[in-house]
Amino acid sequence: MDNQTPGSRLFLIGSEASQAMSPGLWNPVLEQLGRRWGYEAWDVPRGVPMAGVRARLLESDVVAANVTMPHKQWAAQAADVATEAVRLSGASNLLIRDGRRLVAHNTDVAAVAELLGGRQQRHAVMLGAGGAARAALVALKGLTGRVTIADRDLNAAGELLALAGSLGMDAETTSWAEAQEQASRASLIVNATPVGKGGDDAPVWGGARLAGDAFIYDFVYAGHVTGTIAAAREQGLCCADGWDHLRAQAAAMIPLLNLAPQTDALLQHTLAAIRTKS
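A. Main features of the nonpolar core. Grouped together as the largest cluster of nonpolar side chains are 33 residues, with contacts concentrated most on Met 126, Leu 137, Leu 160, Leu 188, Val 190, Tyr 217 and Phe 219. For this core, the elements supplying multiple residues, two or more each, are helix H5 (107–116), strand S7 (124–127), helix H6 (131–139), strand S8 (147–150), helix H7 (154–166), strand S10 (188–191) and strand S11 (215–218). If one sorts the elements of this core by residue count, H6 sits on top with seven residues. Once you skip the residues sitting within four places of it in the chain, Val 190 turns out to touch Val 125, Met 126, Leu 127, Ala 136, Tyr 217 and Phe 219. With 26 residues, the next largest nonpolar core counts Leu 30, Val 63, Leu 266 and Ile 274 among its residues.

B. The packing of helix H10 (residues 242–253) against helix H11 (residues 263–277), seen in detail. At a closest axis distance of 10 Å, the pairing of H10 and H11 adopts a crossing angle of 155°. In terms of orientation, H10 lies roughly antiparallel with respect to H11. Here H10 runs over H11; the crossing is right-handed. Note on element contacts: H11 touches H10 through Asp 264, Leu 267, Gln 268, Leu 271, Ile 274 and Arg 275, opposite Trp 243, Asp 244, Leu 246, Arg 247, Ala 250 and Ala 251. Across the contact of H10 with H11, the residue classes break down as seven nonpolar, one polar and four charged.

C. Quick look at H11. Helix length check: H11 (15 residues) gives 21 Å between terminal C-alpha atoms against 21 Å at 1.5 Å per residue, within 8%. Every buried residue of H11 is listed here: Thr 263, Leu 266, Leu 267, Thr 270, Leu 271 and Ile 274. For H11, the angular spread of buried residues about the axis comes to 125°, placing them on one side. When the buried face of H11 is taken as reference, the exposed residues oriented beyond 90 degrees from it are Ala 265, His 269 and Thr 276. Along its buried surface, H11 packs onto helix H1 (22–33) and H10.

About the thresholds
- Residues numbered from 1 in each chain as written.
- Predicted model: local features only at pLDDT ≥ 70, side-chain atom pairs only at ≥ 80, totals over all residues.
- Heavy atoms only, no water.
- Core = buried A, V, L, I, M, F, W, Y, C linked by side-chain atoms within 4.5 Å.
- Buried < 20%, exposed > 50% of the residue type's maximum accessible area, 1.4 Å probe, protein only.
- Helix = DSSP H or I, 4+ residues; strand = E, 2+ residues; numbered from the N terminus.
- Contact = heavy atoms within 4.5 Å.
- Axes fitted to C-alpha atoms, helices over the stretch in contact; angles between N-to-C directions.
- Parallel < 35°, antiparallel > 145°, perpendicular 65-115°, else oblique.
- Left-handed = near helix turned anticlockwise from the far one by under 90°.
- Nonpolar A, V, L, I, M, F, W, Y, C, P; charged D, E, K, R; others polar.
- Expected span 1.5 Å × (residues − 1).
- Arc of directions from axis to C-beta.

In structure tokens form, the structure reads like this:
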């Protein structure tokens, strides 16, 4: 991206963007970097016409926009140019304006790949089938022997199954209850649902004892430890929570926005301060 762009505004687009931590993470960092950029939440409800959103992102004051639920698949389709991760996943969480074009990236894929560390997985259970799940599936390409998918939206589950097949994975869809039961034997459980946002929410897999080699990946971040992460820690299991994912996907944005190398350290420091206050 051209550093001489006149753009100065970054957005987070989602149905509940104003409840997200991203503006509180990025604005202090941009200020410390001396960038005259502002990061704003933009609530865009599910089902509204998106043509106006795309047009707004092409205006000259826009640098880029992060995209969250439920618009990640729209972002992939709305872009003029897309990276391989976007093409594979069919989802984008970052649109960067390049003149009169939108370039789609998926830093969720990069974040999952980093946090999973290239581990081979004998069986992955995907709970949820939206944009986050699609990113996790792409990050697992070549790393898992079997995938079980469950979502209360059967159409979304079927689409994720088709994606898994296109990636050469041995995959199946099943009921929510059956997926929770299979989670007790899986080596990877991915929570790509909002379960955990409520302080009283139970672990996404239901709370049964898990395999000793299980890794728990929870996309949810909140002002409390989610039930999923709390239960994983109680069982002494390796896990990554939504805060870990937020940091990793933000770090993946640094070179895409041509930000200085010290941005990563600033992000980590700011995120730690936010978590302390939460």
